[in-house]
Amino acid sequence: MRFWQKTFLISLTVLTVAINAVAYLLIQNNHRLNLEKEISSGLDEYSIMVSSFQTNVLYERYRSSAEEFGEEQVADVARNFSYLFSLDQQYIQLNGKSQVYSNFPKTVPNELLESVEQSGSAKQLIEHKEDGEVYLYISSPVVIQSSTYLFTTIKDISNVYRVKNDQLRFFSLAGPAVSVAVALILLVVSVLLTRQINRLRRSTKRVADGDYQMIPIRSNDEIGMLTADFNQMTQAIRQKVEQLEHVAEDRKSFIDNMTHEMKTPLTSIIGFSDLLRSARLDADTIHDYAQSIYKEGQYLKSVSSKLMEYILLKQAPELRDVPIRPLLEEIAAAVGPIAANHGVIFTVQAVDFTLHADRELLRSMIYNFIDNAIKASQSGQEVALKAEVLKKKQLKLLVSDHGSGIPQEETQKIFEPFYRVDKARSRQNGGAGLGLALCAEIAQVHHARITIDSQPGQGTTISILFPEEAAR
């Protein structure tokens, strides 16, 4: 069952029950008030009639100079007295030892008379006759002269019940009409209220199909707020999907490049090994082939080592206090012979500073930058490593050279895995394009910022700025 159908049926049921219950309660309450009014009026009339009857008996006795009336004379007074109330459908009945007088065409319930006679107090009773008439009986003992009579008034209150029945009949006819009208109104309201929900449902399907179009907000109510939240969710999903697609592309590119980097040296190793295994070669040729296999093996070792470092960087590093001066001096001692073999002048300028970092990762990052600077430099050029402490107690490391430089459009790509500006020269120098990607990851885990200032043919300066929070 659809949501609008549930809303329609539940609302219609509740409203129908509520309308019928309220109408029934109103009719019942109105009937109760009318009945109480008739009873109150009957009691007042009863008191007046008793007093008037006693006065009439006394008057007729004095007028006739009789010492005391018998039951027949009292009945005559009652007969003349009852004419005064006949137009109001008021009846009286007078009982002594037996019935003295009654102008009521029907029978007064004996249980009422017996109850009054036994209790000696006033009683009232409402009786529904078989013909549909309803009467109010009020009876009490009344002293007339020296005798006690049961004086009973009978009042027709059928009209009170006829009004109630008429109201119930009217509502039984009007109720269905009201229910139909309410049903039509609820149907329209339910459809209008759920139309926005249907729009959200259709938009959800579109989002599932890859369509991230926003929904226009047409109201400021809860549906409008829900639409705004849905649009925000859609935008977040779209951004997340774009990020995942970018990550997927990066991973695919990473795997493709890694496969390519592994394939080339493996092909050479297999080829030279096959020649050494199957051909008769002289000593010089064997040495050359073995040298090629050694170089390609070293290259594979370098690639696999850096690849392993790159993967391990995805885990949280262990940060400790690292003195900068001993670290830079250690790097200078290791890099000095390599720079000398390339004919490059290497200088270092250290400072006394303690940084909260992973020492091995920090060493690997600086070494990679220096190694790239040496490879980009010509014999006789200088490569410098410098450390500075800024006013905000931030450490800044600079690696500068005067080598080939990097084109401006390439500076944003050099930190991508397997990316190489000069592929021929990098491959010749044993580079796989993973060094700078490792540097970028190392800087990221230390919350450091890397900037590159480079001009083709003039050299490159790489700056690594560590945050103030890393200082110790």
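It should be emphasised that the depicted structure is a prediction, and the values quoted were computed from it without experimental measurement.

> Give me the overall build of the protein chain: which residues, what numbers.
If you tally the helices and strands in the protein chain, you get 10 helices and 12 strands. A buried classification covers 34% of the 472 residues belonging to the protein chain.

> Give me the environment of G403: which residues, what numbers.
Along the polypeptide, G403 turns up in the loop between β10 (395-401) and α9 (423-428). Distance in space between the C-alpha atoms of G403 and S377 is 4.1 Å, their sequence separation being 26 residues. Dropping the residues within four chain positions of it, G403 is found in contact with A376, S377, Q381, G457, Q458 and G459.

> Please provide a residue-by-residue account of the packing of aromatic side chains, values included.
The tally for this structure, following the rule as stated, stands at six aromatic pairs. Seen in terms of ring centroids, F53 and F81 are 5.6 Å apart; in terms of plane orientation they differ by 65 degrees. Their pairing is edge-to-face. With a gap of 28 residues between them, F53 in helix α1 (residues 3-63) and F81 in helix α2 (residues 71-82) connect regions that are remote in the sequence. The class for F53 is buried, based on a relative accessible area of 1%. Overall, the relative accessible area of 2% leaves F81 in the buried class. Clustering of aromatic rings is evident, with ring pairs tying together Y46, F53, F81 and F151.

> Any chance you could break down the side chain of D401 for me, citing the residues and the numbers?
Note on placement: D401 falls in strand β10. Engagement of the side chain of D401 in a polar contact is seen with the backbone nitrogen of G403, the distance being 2.8 Å. Setting aside residues up to four positions removed in sequence, D401 forms contacts with A373, S377, E382, V383, Q458, G459 and T460.

> Which residues make up the side chain of R61, and what values go with them?
Within the secondary structure, R61 is located in helix α1. No salt bridge is formed by the buried R61; the nearest opposite charge belongs to E68, separated by 7.0 Å. Those residues in contact with R61 that sit more than four places away from it in its chain are A66, E67, E68, F69 and Q145.

> Talk me through the sheet that holds strand β9 (residues 382-389); I want residue IDs and the actual numbers.
The strand order across the open sheet built from five strands is β7-β9-β10-β12-β11, with neighbouring strands paired in mixed fashion. What marks the edges here is a single partner per strand, and that holds for β7 (345-349) and β11 (449-455). Each neighbouring strand pair of the sheet contributes to a mean axis angle of 10 degrees, computed without reference to strand direction. One ladder, built from seven bridges, connects β9 with β10; its direction is antiparallel.

> So what about helix α3 (residues 110-119)? Which residues, and what values?
Within α3, burial applies to L112, L113 and V116. Axial view of α3: buried residues confined to an arc of 95 degrees, hence all on one face. When the buried face of α3 is taken as reference, the exposed residues oriented beyond 90 degrees from it are N110, E111 and Q118. Turning to α3, the residues buried within the fold contact β1 (90-95), β3 (123-128), β4 (134-144) and β5 (147-156). Backbone geometry just after α3 places G120 at a positive phi near 70 degrees.

> Talk me through the sheet that holds β4; I want residue IDs and the actual numbers.
In a beta sheet, neighbouring strands pair by backbone hydrogen bonds and run either parallel or antiparallel. Here five strands make up an open sheet; going across it, the order is β2-β1-β5-β4-β3 and the pairing antiparallel. Lying at the two open borders of the sheet, with one neighbouring strand each, are β2 (99-102) and β3. Averaged over all pairs of adjacent strands, the angle between their axes in this sheet comes to 20 degrees, without regard to strand direction. Pairing between β3 and β4: six bridges, direction antiparallel. By the bridge assignment for β4, H128 is matched with V134.

> So, the packing of helix α7 (residues 324-341) against helix α8 (residues 359-376): which residues are in play, and what are the values?
Packing of α7 against α8 leaves a shortest axis separation of 10 Å and a crossing angle of 35 degrees. The two elements α7 and α8 meet at a crossing, and its hand is right-handed. Across the interface between the two elements, I324, L327, L328, E330, I331, A334, V335, I338 and A339 of α7 pack against R359, L362, R363, I366, Y367, I370 and I374 of α8. Looking at the contact of α7 with α8 residue by residue, the class counts come to 13 nonpolar, no polar and three charged.

Cut-off values and rules
- Each residue is numbered by its place in its chain's sequence as written, counting from 1.
- Two thresholds apply to this predicted model, a pLDDT of at least 70 for residue-level local features and 80 or more for giving and counting side-chain atom pairs, whereas whole-chain, interface and lining totals are computed over all residues.
- Note: side-chain values were computed over all heavy atoms of the structure, leaving out hydrogens and water.
- Helical segments are the DSSP runs of H or I of at least four residues, strand segments are the runs of E of at least two, and each set is numbered from the N terminus.
- Relative accessibility decides the category of a residue: with a 1.4 Å probe and only protein chains considered, values under 20% of the type maximum give buried, values over 50% give exposed, and everything between is partly exposed.
- Any two residues whose heavy atoms approach within 4.5 Å are treated as being in contact.
- Between rings of Phe, Tyr and Trp, where Trp is taken as its six-membered ring, a pair exists when centres lie within 6.5 Å; planes separated by under 30 degrees are stacked, by over 60 edge-to-face, and by other angles tilted.
- We define a polar contact as two N or O atoms separated by no more than 3.5 Å, with the added condition that, inside protein, one atom must be a possible hydrogen donor and the other a possible acceptor, whereas residues neighbouring each other in sequence contribute only through side-chain atom pairs.
- Note that His is not counted, nor are the chain ends; the positive residues are Lys and Arg, and the negative ones are Asp and Glu.
- Within this document, salt bridges are pairs made up of a side-chain nitrogen of Lys or Arg and a carboxyl oxygen of Asp or Glu, the two lying within 4 Å of each other.
- Strands were regarded as paired on the criterion that DSSP finds at least two bridges between them.
- Lines fitted to C-alpha atoms define the axes, with helix axes restricted to the stretch in contact, and inter-axis angles between N-to-C directions lie between 0 and 180 degrees.
- Here the arc refers to the directions that run from the helix axis out to each C-beta atom.
- By definition, turning the near helix anticlockwise from the far helix through less than a right angle yields a left-handed crossing, and turning it clockwise yields a right-handed one.
- Under the scheme applied, nonpolar residues are Ala, Val, Leu, Ile, Met, Phe, Trp, Tyr, Cys and Pro; charged residues are Asp, Glu, Lys and Arg; polar residues are all the others, including Gly.

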